[in-house]
Structure formats: structure tokens, C-alpha cells
Amino acid sequence: MQFDTVVAGGQVVTAADTFRADVGIIDGRIACLAQGLAGSAAKVIDATDRLVLPGGIDAHCHLDQQSPAGINHADDFLSGTRSAVAGGTTTIIPFANQRHGQPLRLAVDAYREKAEKAVIDYAFHLILCDPNAGVIGQELPSLIEEGYTSFKVFMAYDSLHVSDRQILELMDLSRRERTLVMIHAENHDCCEWLTEKLLAEGRTEPRYHAVAHGDPVEREATYRAIALAEVAGAQVLIVHVSSGNAMREIAAAQQRGIPVLAETCPQYLFLSEADMDRPGFEGAKFICSPPPRERGNQELIWRGIQTGVFQVFSSDHAPYRFEGTGGKGRHGHDAAFNRIANGVPGLATRLPLLFSAGVRQGRISLQRFVEITATNPAKIYGLYPRKGSIAVGADADLAIWDPGRKVMIRKEMLHDNMDYTPYEGMEVEGWPVITMSRGEVVCADGQVTAERGRGRFLPCDRIQEMKAWL
Ligand code: DUC
Ligand code: ZN
Ligand code: ZN
């Protein structure tokens with residue numbers, strides 16, 4: 001066999017195994033896994049002393065969306081996907097966001113057009129803020145056929161949140177059609193009531209965001225989302241779980257055999273509510289929803305990763321710049337917490353942070369790392385086996401890691417369009433030194449070489465039965 005490229009001499013890591021093999025690539029796909037392939041290759045990439053992992057799948061990131069308050073994200077599909085490859089990610093699943101009263105089809109078409117600049121492959125989740133009878137009865141069934149099989153709804157936010165009744169209708173459709181409802185679990189009335197109370201008391205600094213979006217607010221909505229899924233007989237995935245208490249509700253449901261999956265994110269392992277209390281307006285940089293909790297909570301989230309409560313680890317990249325008219329500080333540096341856009345960036349830092357504190361510091365195995373950052377997202381969202389693994393026939397999406405490389409995270413190395421990273425100055429051990437998408441090197445030694453627009457849309461399959469996962 002003659003290969004276009006062989007990645008030679010590395011340790012191949014999958015969710016199941018680590019083994020020594022060369023990876024032979026033909027036409028962007030993995031054609032052979034065996035030793036001694038380098039002699040039959042047009043191009044050889046030396047992976048001696050390196051780990052060869054599936055490229056990461058970031059199953060939750062926001063690009064080129066507008067916040068509920070009308071603020072644009074700093075990253076579009078070009079800067080966002082360039083940043084992704086700089087951190088070893090080769091597939092993203094961002095959101096096509098419906099506006100009130102807007103036919104879903106228009107939202108999907110608009111986001112498909114925005115995504116034409118992407119440098120890596122992408123699928124879409126749909127955000128539904130207006131799941132009316134036309135959406136549920138007509139639009140979704142036809143979009144599902146076209147490969148949109150996961151839908152996010154919000155239990156909080158003025159312009160976004162939907163009622164329990166609407167969630168039930170959507171879950172009912174999801175059960176029939178074998179799709180997946182993703183839930184932003186925070187109790188809207190609680191957030192609103194707490195926010196008004198805090199503002200009336202003059203408690204306006206960024207740190208009060210953590211009070212307005214406190215732990216019980218997330219825990220109640222998580223419990224309710226699970227109960228709704230039980231009522232509807234549907235599978236559900238709770239996104240961006242931040243609190244150990246919400247996580248316990250999920251674990252309890254999983255133990256009862258309820259098909260509830262869960263995702264967590266770097267901000268809940270590496271940031272805490274103390275960051276929102278940094279001097280001046282600095283705390284605004286760390287505002288996201290749900291917010292990072294007290295430091296002790298981080299260990300609980302690690303435990304959930306170790307024990308399997310969480311199946312997915314995503315960035316929830318929601319890039320709002322600090323300065324400028326579209327930034328967190330657009331209402332001035334004394335703006336009240338509820339006027340600061342919610343979200344932190346993280347596409348490039350997701351994998352190195354978890355690799356370093358998880359794998360290198362002995363909290364999780366390499367297999368678990370691959371599982372929650374690539375293989376599980378591919379399986380859950382219907383992209384497996386084309387994406388998410390290193391196997392013959394799969395796309396040659398690879399991240400070649402130098403497991404010992406020490407890097408201090410600096411905003412400048414992340415290739416996004418942000419003016420800060422919440423992880424500035426953190427030291428990590430282990431870095432993806434080469435990223436390949438469909439057999440092509442798209443980033444090497446910090447240089448992004450991918451051509452604009454080379455990414456392709458990935459239609460997602462219907463969702464599998466999940467009971468076996470729990
Ligand atoms: N929810 C998200 O999923 N991302 C950013 C902010 C939010 O509320
Ligand atoms: Zn959310
Ligand atoms: Zn999000």
C-alpha cells in the first residue's frame with residue numbers, strides 16, 4: 001500500500017488502548033495501523049516520543065452568535081476554528097441559534113453560511129427559543145433528516161427560556177425521532193428574583209453574579225430537567241454542569257437507570273468564584289453561566305469525571321472581549337453584574353488544561369481523556385466512527401502530543417480573536433504539537449497552516465440508546 005502520509009513511531013492512544021503503531025493515511029482517511037509503514041509514504045511525520053491521539057471534538061462552543069443582549073461574539077468560524085486547531089481540536093459542534101418568531105430553517109441557513117470559513121469540520125446543535133407547533137411538527141422532522149439531531153433549550157434568560165410544557169413537547173419529539181435534548185439548567189425565576197434583590201441592595205459587583213446564579217438555582221433546574229425527561233420517557237443531556245450538588249442529582253438519576261448524560265467544562269475545574277472577586281472590573285472576565293463555584297467544588301467535578309457521571313468535556317467557548325463596544329465592559333467598568341455578557345473563551349485551552357491536570361497529575365488515564373474529549377462526543381452526537389477515534393476507515397483527524405512539553409498559557413498563542421484568556425499565566429505540562437485534519441497538517445508548533453474554508457459540514461446520525469452508557 002502506498003500512503004499519502006504516515007505518522008511514524010508514536011504511541012497511538014484511543015479510548016480503549018495505547019499501542020505502538022504507525023498511522024498510514026490515504027485520501028484523508030486512516031488506511032492502516034501497523035509498524036514499519038514509513039517506507040511506503042510520500043510524506044512521513046516523525047512522532048517518536050509523542051502520543052498520537054484522536055483530534056479533540058469540542059461539542060459545545062459558540063461562534064458568531066449574538067448574546068441575548070445583542071452582543072456579538074468575538075470569534076467567527078475562521079478565528080474560532082483556527083483557535084481550536086491550535087489546541088488539538090479537529091471537530092466542533094457549535095450552535096445555530098433561532099431567534100424569536102424566526103423559522104428554524106432560516107437560522108440554520110444563516111449559520112451554515114457563516115460556517116463556510118471554518119478550517120475544520122463541524123456539525124450543529126440547534127438552540128430553540130421558540131419551539132412552537134410548527135417547529136416541533138414540521139421544521140424539526142425535516143431538519144433531523146438532514147443531520148441536525150441535538151437541540152439545546154434554556155431554563156433561564158429573559159429572551160431564551162422555555163416553559164416546562166415546551167420542554168416536554170420537545171422531549172416527546174426527541175423520544176420518537178431518536179434525537180437529544182440538551183438543557184441549560186438554571187431556574188429563571190430564581191435568577192431574576194435574586195438579581196433584582198441584589199441590585200436593590202446595591203450589590204452590583206461582578207462577584208454577585210455567582211449569588212444570582214447560585215448553586216441551588218442550578219440544582220433545582222437540573223432536578224426538574226431530569227424529572228421532565230422521566231415524564232416524557234426521553235434521553236437528556238445536561239450541559240455545562242458546574243456544581244457538585246447538581247452533579248449529585250444527575251448521579252442519583254443515573255443510578256436509577258434514567259438516561260441522563262452530562263457535560264462539564266474547564267471553567268469548573270480551573271476557575272472559582274474567587275476569580276469574580278478580583279479587584280476592579282477584572283472579575284468580569286470570569287463571568288459565565290452557570291458560574292465557577294467555590295474552590296472545594298472543583299474536586300467534586302473531578303470526581304464526576306473520574307467516576308463517569310460526566311460523559312463529555314467541552315469548552316463552552318463563549319467569547320466576549322473584555323474591552324471595546326462589544327465587550328464585557330461595554331457599559332463601563334462599574335456596570336452591574338447583570339449587564340456583563342456571560343461567557344468565557346476556551347477552545348484552545350480545553351485539551352491542554354485537562355491533559356495537564358488530569359493525565360499528567362494522575363487524576364485520569366489517557367483513555368479517559370480521549371473518551372470524554374473525543375470518542376464520547378462523537379458517539380453521543382452521531383459522528384462516530386468517522387470522527388472521535390483512531391481506526392481504519394476513520395477520518396485522519398489527529399493530535400500529536402508532546403506529553404512533557406511545559407507551556408505557560410498566554411493569550412497570544414491561542415489564535416482566537418479575544419483580548420484575554422481566563423487562564424493567562426497558568427503552566428501546563430503536555431501540548432498538542434501537531435494537529436491534523438483529514439490527513440492534512442493544520443497546525444504545527446503553534447503555527448496555524450489551515451486554509452480558510454477547508455472545513456466541511458458533518459450531518460449527525462440519530463442518537464443511540466444511552467442506557468448502556470450509565
Ligand atoms: N450558556 C452557554 O451555554 N454558554 C454561555 C452562556 C450560557 O448561558
Ligand atoms: Zn447554556
Ligand atoms: Zn454554551
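Residues numbered from 1 in each chain as written. Chains lettered and ligands numbered in written order. Predicted model: local features only at pLDDT ≥ 70, side-chain atom pairs only at ≥ 80, totals over all residues. Heavy atoms only, no water.

> Explanation requested: the nonpolar core in the structure shown.
One broad rule of soluble globular proteins: the nonpolar side chains tend to lie buried together. Core analysis: the biggest nonpolar cluster contains 105 residues, and Leu126, Leu140, Met171, Ile183 and Phe369 have the highest contact counts within it. By size, the runner-up hydrophobic cluster in this structure holds 23 residues, among which are Phe95, Ile127, Met182 and Ala378. (Core = buried A, V, L, I, M, F, W, Y, C linked by side-chain atoms within 4.5 Å. Buried < 20%, exposed > 50% of the residue type's maximum accessible area, 1.4 Å probe, protein only.)

> Explanation requested: helix 7 (residues 215-232) in the structure shown.
Each full turn of the α-helix corresponds to 3.6 residues, which orients residues three or four apart in the same direction. Helix length check: helix 7, at 18 residues, gives a terminal C-alpha distance of 26 Å against a target of 26 Å (1.5 Å per residue), a fit within 8%. Within helix 7, burial applies to Asp215, Val217, Glu218, Ala221, Thr222, Arg224, Ala225, Ile226, Leu228, Ala229 and Ala232. One or two residues past the end of helix 7 sits glycine 233, with phi positive at roughly 70°. (Helix = DSSP H or I, 4+ residues; strand = E, 2+ residues; numbered from the N terminus. Expected span 1.5 Å × (residues − 1).)

> I would appreciate a short explanation of the site of ligand 1 in the present structure.
By nearness alone, every residue bordering ligand 1 is listed as His60, His62, Lys152, Phe154, Tyr157, His184, His240, Ser289, Asp316, Ala318 and Asn342. The contact in question runs from a nitrogen atom of ligand 1 to an N or O atom on the side chain of aspartate 316, over 2.8 Å. Contact with the protein chains removes 93% of the 240 Å² of surface that ligand 1 exposes when unbound. When grouped by side-chain class, the residues that make up the shell around ligand 1 number three nonpolar, six polar and two charged. (Near = heavy atom within 4 Å. Polar contact = N/O pair within 3.5 Å; in protein donor to acceptor, adjacent residues only side chain to side chain. Areas by Shrake-Rupley, 256 points an atom, 1.4 Å probe, with all protein chains shown as cover. Nonpolar A, V, L, I, M, F, W, Y, C, P; charged D, E, K, R; others polar.)

> Hey, could you run me through the sheet that holds strand 8 (residues 56-58) in this one?
Where strands meet in a sheet, backbone hydrogen bonds hold them as pairs that are either parallel or antiparallel. Strand order in the open sheet formed by three strands is 8-9-11, with parallel pairing between adjacent strands. The open sheet has two edge strands with one neighbour each: strand 8 and strand 11 (121-122). Pairing of strand 9 (residues 89-92) with strand 11, which is carried by two bridges, proceeds in the parallel orientation. Note on strand 11: the bridge partner recorded for isoleucine 92 is tyrosine 122. Packed onto the sheet, helix 11 (residues 350-360) meets strand 8 and strand 9 and runs at close to 120° relative to strand 8. (Pairing = 2+ DSSP bridges. Contact = heavy atoms within 4.5 Å. Axes fitted to C-alpha atoms, helices over the stretch in contact; angles between N-to-C directions.)

> Can you help me understand the coordination of the zinc ion (ligand 3) in this one?
For a metal bound by four donors in tetrahedral geometry, the ideal donor-metal-donor angle is 109.5 degrees, whereas six donors in octahedral geometry ideally sit at 90 or 180 degrees. Coordination of the zinc ion (ligand 3) by the protein is provided by His60 (NE2), His62 (NE2) and Asp316 (OD), with metal-donor distances spanning 1.9 to 2.0 Å. Taken in sequence order, the residues that donate to the zinc ion (ligand 3) follow the motif H-x1-H-x253-D. Between the zinc ion (ligand 3) and the zinc ion (ligand 2), a spacing of 4.2 Å is present. With relative accessibility at 7%, the residue histidine 62 sits in the buried group. (Donors = N, O, S within 2.8 Å, 3.2 Å for Na, K, Ca; no water.)

> Looking at this model, I keep getting lost on the coordination of the zinc ion (ligand 2). Mind explaining?
On the protein side, the zinc ion (ligand 2) has Lys152 (NZ), His184 (ND1) and His240 (NE2) as donor atoms, found 2.1 to 2.2 Å from it. Residue classification places histidine 184 among the buried residues on the basis of a relative accessible area of 1%.

> Before we go on, may I ask you to explain helix 10 (residues 295-307) in this structure?
Those residues of helix 10 that sit buried are Asn297, Gln298, Ile301, Trp302, Gly304 and Ile305. For helix 10, the buried positions fall inside an angular range of 155° around the axis, keeping them on one side. Its buried side turned inward, helix 10 meets helix 8 (244-255), strand 16 (260-264), helix 9 (267-270), strand 17 (312-313), helix 11 and helix 12 (366-380). One or two residues past the end of helix 10 sits glycine 308, with phi positive at roughly 95°. (Arc of directions from axis to C-beta.)

> Is there a simple way to think about the sheet that holds strand 5 (residues 29-34) in this case?
Spatially, the four strands line up as an open sheet ordered 5-4-1-6, and their pairing is mixed. At either end of the open sheet lies a strand with only one pairing partner, and these are strand 5 and strand 6 (41-46). Across the sheet, the axes of successive neighbouring strands diverge by a mean angle of 25°, strand direction being ignored. Two strands pair when backbone bridges link them, and strand 1 (residues 3-8) and strand 4 (residues 22-26) are joined in this way by three bridges, in the antiparallel orientation.

> Explain the pattern of salt bridges to me, please; I cannot follow it from the model alone.
Pairs can form between side chains of opposite charge whenever their charged atoms are close. Taken as a whole and judged by the stated rule, the model has 35 salt bridges. Residue arginine 462 is joined to glutamate 145 by a salt bridge in which the shortest nitrogen-to-oxygen separation is 3.4 Å. Taken together, the positions of arginine 462 in the segment after strand 21 (447-448) and glutamate 145 in helix 3 (residues 133-145) put the pair 317 residues apart, joining distant regions of the chain. Residue classification places arginine 462 among the partly exposed positions, given a relative accessible area of 27%. You can call glutamate 145 exposed: its relative accessible area is 60%. Note that arginine 410 and glutamate 424 form a salt bridge whose closest N and O atoms lie 3.0 Å from each other. Taken together, the residues span a long stretch of sequence, with arginine 410 in the loop between strand 18 (398-408) and strand 19 (427-437) and glutamate 424 in the loop between strand 18 and strand 19 at a distance of 14 residues. The exposure class of arginine 410 is partly exposed, given its relative accessible area of 36%. (Salt bridge = Lys/Arg side-chain N within 4 Å of Asp/Glu carboxyl O.)

> What is the right way to read the packing of aromatic side chains from this model?
A ring pair, where both rings are aromatic, is described by two values, the distance of the centres and the angle of the planes. By the definition in use, this model includes 13 aromatic pairs. Note on tyrosine 122 and phenylalanine 124: the rings are 6.0 Å apart at their centroids and 70° apart in plane angle, and the pair reads as edge-to-face. Considered together, tyrosine 122 and phenylalanine 124 belong to a single accessibility category, that of buried residues. Joined through ring pairs, the aromatic side chains of Phe77, Tyr111, Tyr122, Phe124, Tyr148 and Phe457 make up one cluster. A cation over an aromatic ring shows up here: lysine 114 above the ring of tyrosine 111, its NZ or CZ 4.7 Å from the ring centre. Directly above the aromatic system of tryptophan 302 lies the positively charged group of arginine 363, at a separation of 4.7 Å from the ring centroid. (Phe/Tyr/Trp six-rings, centres within 6.5 Å; stacked < 30°, edge-to-face > 60°. Lys NZ or Arg CZ within 6 Å of the ring centre and 35° of its normal.)

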